[in-house]
Every structure is written in structure tokens, then in C-alpha cells.
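The residues making up each chain are set out below.
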Amino acid sequence: MSSPVTGVIHDLERILLTPEQIHARVREMAARLNAALAGKVVTVVALMDGGLFFVADLLRALELPVRLHTLSASSYQGGTATTGEVKVSWPADVDLRGQDVLLLDDILDTGLTLSVISERILAQQPASLRTCVLLSKRRQRLREVALEDAGFEIDDEFVVGYGMDYMGRFRNLPCIGILNPNKPS
Ligand code: 5GP
Ligand code: MG
């Protein structure tokens with residue numbers, strides 16, 4: 001029986017990272033965080049929707065007490081280029097004062113999203129802030145971001161899968177890949 005995502009994988013020009021590569025790296029990242037944040041209660045601020053699978057996998061490998069806040073941030077509005085304006089829906093009940101905050105996102109590209117969100121977090125005077133992304137694109141940033149952990153450095157190409165979308169699709173791919181330019185169907 002073929003997997004339900006087999007048809008979708010045909011929309012990819014190539015696979016950049018297999019599920020096995022992703023999971024092995026996420027486990028390494030969790031081990032590093034377990035050591036770095038040992039003894040702390042971690043307040044995770046996770047950016048949705050792209051960070052969905054990364055955050056779910058990373059958090060289940062953390063051996064630390066965790067509080068989770070999810071934020072919706074978007075700057076792409078469905079396409080493959082940033083609009084330059086970051087929209088964040090920030091829940092009213094998030095109070096980060098004195099907390100050890102772990103900020104998580106799927107991918108660092110121009111740096112706009114994480115710089116806007118880090119500024120808002122720092123304005124609440126947390127005890128500490130550590131920022132961690134699964135992917136970091138090799139490119140010039142529009143805004144510098146202080147990044148403690150990045151899973152993989154990748155070339156400046158538009159990727160989908162493992163939570164990341166194109167026009168709302170492909171988030172459920174277990175791998176990360178580059179879209180076929182003649183697709184998607
Ligand atoms: P930045 O603000 O750093 O330019 O972009 C960060 C956000 O843009 C990420 O959280 C992600 O949602 C989206 N993004 C950046 N690059 C890509 C990409 O290659 N593919 C997808 N699907 N989203 C991306
Ligand atoms: Mg995102």
C-alpha cells in the first residue's frame with residue numbers, strides 16, 4: 001500500500017532532508033537544550049504554523065519542565081517571498097517577565113520575523129532568551145537575529161514540508177524538499 005504522501009512527494013524537484021536526517025538532528029538539538037537549560041522551567045514561545053512539527057518533535061525530546069505558548073506569525077501570505085511586514089497575533093495572557101524563554105521557529109530567512117518577536121519578548125524582561133530554529137538560510141539578513149541553535153544551514157531556496165507550506169499546502173510532508181518548478185499540480 002502506498003503512503004498517503006507519495007503523490008505529494010512527486011511535486012518535489014528534490015528532497016533536501018529525509019525524515020531520518022531531520023529526526024536525528026532534532027534529537028541532537030534537544031540533547032543540547034537539555035544540557036544548556038538543565039534545572040530550569042522553560043517557557044517555550046513557538047511560532048506557528050510552520051514550526052508545528054519541529055516544535056512537537058523537539059518538545060517531546062526535552063527532559064525539562066516546559067510551558068508552551070504558540071504564536072501565529074506570517075510574512076509570506078502564501079507565496080515564496082516575504083512581504084516585509086510581519087503579522088503577529090500575540091495572546092494577551094503571555095507574561096514572560098522573569099521566565100527562561102526558548103523561542104522556536106521553523107526557518108530563519110530575512111530575520112524579520114524573529115527580530116520582531118525577540119524584541120517583544122525582551123521588552124517583557126525575561127530572565128533569559130534562547131532562540132532556536134530548525135533551518136537557517138545562508139543569505140544576508142535584513143535584520144540580525146541572535147541565534148543559539150540552528151539544526152541545518154541550507155542554501156537560499158524555497159523549501160516545503162515538515163510544517164512548511166507553499167500556498168497553504170505541503171506542510172504534512174515528512175521530509176523537507178524543493179518544489180518542482182512545473183508543479184504543484
Ligand atoms: P523571515 O522573517 O526570517 O524572512 O522568515 C521567517 C518565516 O518565513 C519563517 O518562519 C517561515 O514561516 C517563512 N519562510 C522563510 N523561508 C521559507 C521557505 O523557504 N519556505 C517556507 N515554506 N517558508 C519560509
Ligand atoms: Mg514561520
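Residues numbered from 1 in each chain as written. Chains lettered and ligands numbered in written order. Predicted model: local features only at pLDDT ≥ 70, side-chain atom pairs only at ≥ 80, totals over all residues. Heavy atoms only, no water.

Draft legend 1. Examining the overall build of the chain more closely. Across its full length, the chain holds 4 helices and 9 strands. The linear arrangement of helices and strands in the chain, starting from the amino end, is α-β-α-β-α-β-β-β-α-β-β-β-β. For the chain, whose C-alpha radius of gyration is 16 Å, the value lies close to the compact-globule estimate of 16 Å for 185 residues. Across its three principal directions, the C-alpha atoms of the chain cover 50 × 35 × 30 Å. The buried share of the chain, taken over its 185 residues, is 47%. Of the roughly 9300 Å² of accessible surface on the chain, a fraction of 50% belongs to carbon and sulfur atoms. (Helix = DSSP H or I, 4+ residues; strand = E, 2+ residues; numbered from the N terminus. Rg over C-alpha atoms; globule rule 2.2 N^0.38 Å. Buried < 20%, exposed > 50% of the residue type's maximum accessible area, 1.4 Å probe, protein only. Areas by Shrake-Rupley, 256 points an atom, 1.4 Å probe, with all protein chains shown as cover.)

Draft legend 2. Focus on the packing of helix 2 (residues 19–36) against helix 3 (residues 52–60). Viewed as axis vectors pointing N to C, helix 2 and helix 3 meet at an angle of 55 degrees, and their least axial separation amounts to 9 Å. Relative to helix 3, the element helix 2 lies oblique. Considering how the two elements wind past one another, helix 2 and helix 3 form a crossing that is right-handed. Every residue of helix 3 that contacts helix 2 at His23, Val26, Met29, Ala30 and Leu33 is listed here: Phe54, Asp57 and Leu58. Split by residue class, the contact of helix 2 with helix 3 holds 6 nonpolar, 1 polar and 1 charged. (Axes fitted to C-alpha atoms, helices over the stretch in contact; angles between N-to-C directions. Parallel < 35°, antiparallel > 145°, perpendicular 65-115°, else oblique. Left-handed = near helix turned anticlockwise from the far one by under 90°. Contact = heavy atoms within 4.5 Å. Nonpolar A, V, L, I, M, F, W, Y, C, P; charged D, E, K, R; others polar.)

Draft legend 3. Structural context of the site of ligand 1. Near ligand 1 there are 15 residues, and of these Thr110, Gly111, Thr113, Val159 and Asp165 occur at the shortest range. Separating a nitrogen atom of ligand 1 from a backbone N or O atom of Val159 is a distance of 2.7 Å. Separating a nitrogen atom of ligand 1 from a backbone N or O atom of Asp165 is a distance of 2.7 Å. Calculation on ligand 1 without its partners gives an accessible area of 510 Å², and the protein chains cover 92% of this total. Among the secondary structure elements, those contributing two or more residues to the shell around ligand 1 are strand 5 (100–108) and helix 4 (112–123). The greatest single-element share of the shell around ligand 1, amounting to 3 residues, is contributed by strand 5. (Near = heavy atom within 4 Å. Polar contact = N/O pair within 3.5 Å; in protein donor to acceptor, adjacent residues only side chain to side chain.)

Draft legend 4. Region of the structure containing the nonpolar core. Grouped together as the largest cluster of nonpolar side chains are 30 residues, with contacts concentrated most on Phe54, Leu104, Leu134, Leu135 and Ile176. At the level of elements, helix 2, strand 2 (42–48), helix 3, strand 5, strand 6 (128–137), strand 7 (149–154) and strand 9 (176–179) are the ones that each hand at least two residues to this core. Examining the composition of this core, we find that 5 residues originate from one element, helix 2, more than from any other. What Ile176 contacts, discounting residues up to four positions off in sequence, is Ile15, Leu16, Leu17, Ile22, Leu134, Leu135, Val159, Val160, Gly161, Tyr162 and Met164. Grouped together as the second largest cluster of nonpolar side chains are 15 residues, Val45, Val101, Leu108 and Ile121 included. (Core = buried A, V, L, I, M, F, W, Y, C linked by side-chain atoms within 4.5 Å.)

Draft legend 5. Layout of the sheet that holds strand 9. Spatially, 3 strands are ordered 1-9-8 in an open sheet, and the strand pairing comes out antiparallel. In the strand order of this sheet, the two ends are held by strand 1 (12–17) and strand 8 (159–160), each with one partner. (Pairing = 2+ DSSP bridges.)

Draft legend 6. Here's a closer look at unusual backbone geometry. Note that the residue after Met48, namely Asp49, is joined by a cis bond; omega there is 0 degrees. With respect to the secondary-structure elements, Asp49 resides in the loop between strand 2 and helix 3. Residue Gln125 is not a glycine yet carries a positive backbone phi of 55 degrees. Secondary-structure assignment places Gln125 in the loop between helix 4 and strand 6. Classification of Gln125 as partly exposed rests on a relative accessible area of 48%. With a phi close to 50 degrees, Met167 is a non-glycine residue in the positive phi region. Positionally, Met167 belongs in the loop between strand 8 and strand 9. On the accessibility criterion, Met167 (54% relative accessible area) is exposed.

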